[in-house]
Every structure is written in structure tokens, then in C-alpha cells.
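Breakdown of the fold
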Amino acid sequence: MAETFKIPYELKNASVPLARLVDAVVLGSDTAESYTVPAGTRFVLLSATNPFWVRVGATAVVPTTEVADGSAPAYVPSTAQMNVEEGAVLSFIRPSGTASTISISRYS
């Protein structure tokens, strides 16, 4: 008889369902790409093949010096879950190197 295991309560509450709506952005080296959050989207799960930088409402740039005025992009090593506003424009950039693909899972 096969043994079955129950999902721990903490894991079930911390897990996100697999998204039914997923978009993709392909980044070249040192080239910013923008993505407009579609209507009805409240959360996005970003997952990429390589690390990248993201900024909301302005073009993302790879920092080369200290930025202490709140305008730096956020570094995402591989995956991030974010609360977003519909219509917000996200800007992504990848430092030099190979291209990267970002998967954008959308949740309402």
C-alpha cells in the first residue's frame, strides 16, 4: 500500500497557485525593456533565467555608483513576488552578459 503525506499547513499557506496568465519579457544585455501591468492584476511573480534589475515607473539602469536618493532599481537574483498596481510600468534591465527571459505570472 502506498504511503501518502499531508501537506504541512505552513507550506500550504505560503504557496502560490500556478498562474493561469503568464507573460514573458526577453532582455538583451544592457538594454531596458518595459512591461505594463494589465488591468485586474494585483500581484506578479517574477522569475528569470538570470539575475536582473527592476524599477517601477521609470527606466531601470544597472547602478555603477552609490544611489542614496531612493531612485535605484531593485536587484532580483532569480525570483520575486510583488504587489503591483494595474497600469504600472515595470522596467527591467540585465547587466552585460547573455540574454535573459523573465516569466511574469499574474494574479488578481
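See the structure printed just above.
A brief report on the enclosed structure follows. Quick caveat: nothing in here was measured; it's all calculated off a predicted structure. (Residues numbered from 1 in each chain as written. Predicted model: local features only at pLDDT ≥ 70, side-chain atom pairs only at ≥ 80, totals over all residues. Heavy atoms only, no water.)

Here 4 strands make up an open sheet; going across it, the order is β1-β8-β3-β6 and the pairing antiparallel. In the strand order of this sheet, the two ends are held by β1 (21-27) and β6 (79-83), each with one partner. Taking the axes of each pair of neighbouring strands and ignoring which way they run, one obtains an average angle of 20° across the sheet. (Pairing = 2+ DSSP bridges. Helix = DSSP H or I, 4+ residues; strand = E, 2+ residues; numbered from the N terminus. Axes fitted to C-alpha atoms, helices over the stretch in contact; angles between N-to-C directions.)

Across the sheet, which stays open at both edges, the 4 strands sit in the order β2-β7-β4-β5 with antiparallel pairing between neighbours. With partners counted over all chains shown, the strands left at the sheet margins are β2 (33-36) and β5 (74-76), one partner each. Taking each pair of neighbouring strands and ignoring which way they run, the sheet shows an average axis angle of 30°. By the bridge criterion, 3 bridges tie strand β4 (residues 52-56) to β5 in an arrangement that is antiparallel. Paired with W53 across the strands is Y75, a residue of β5.

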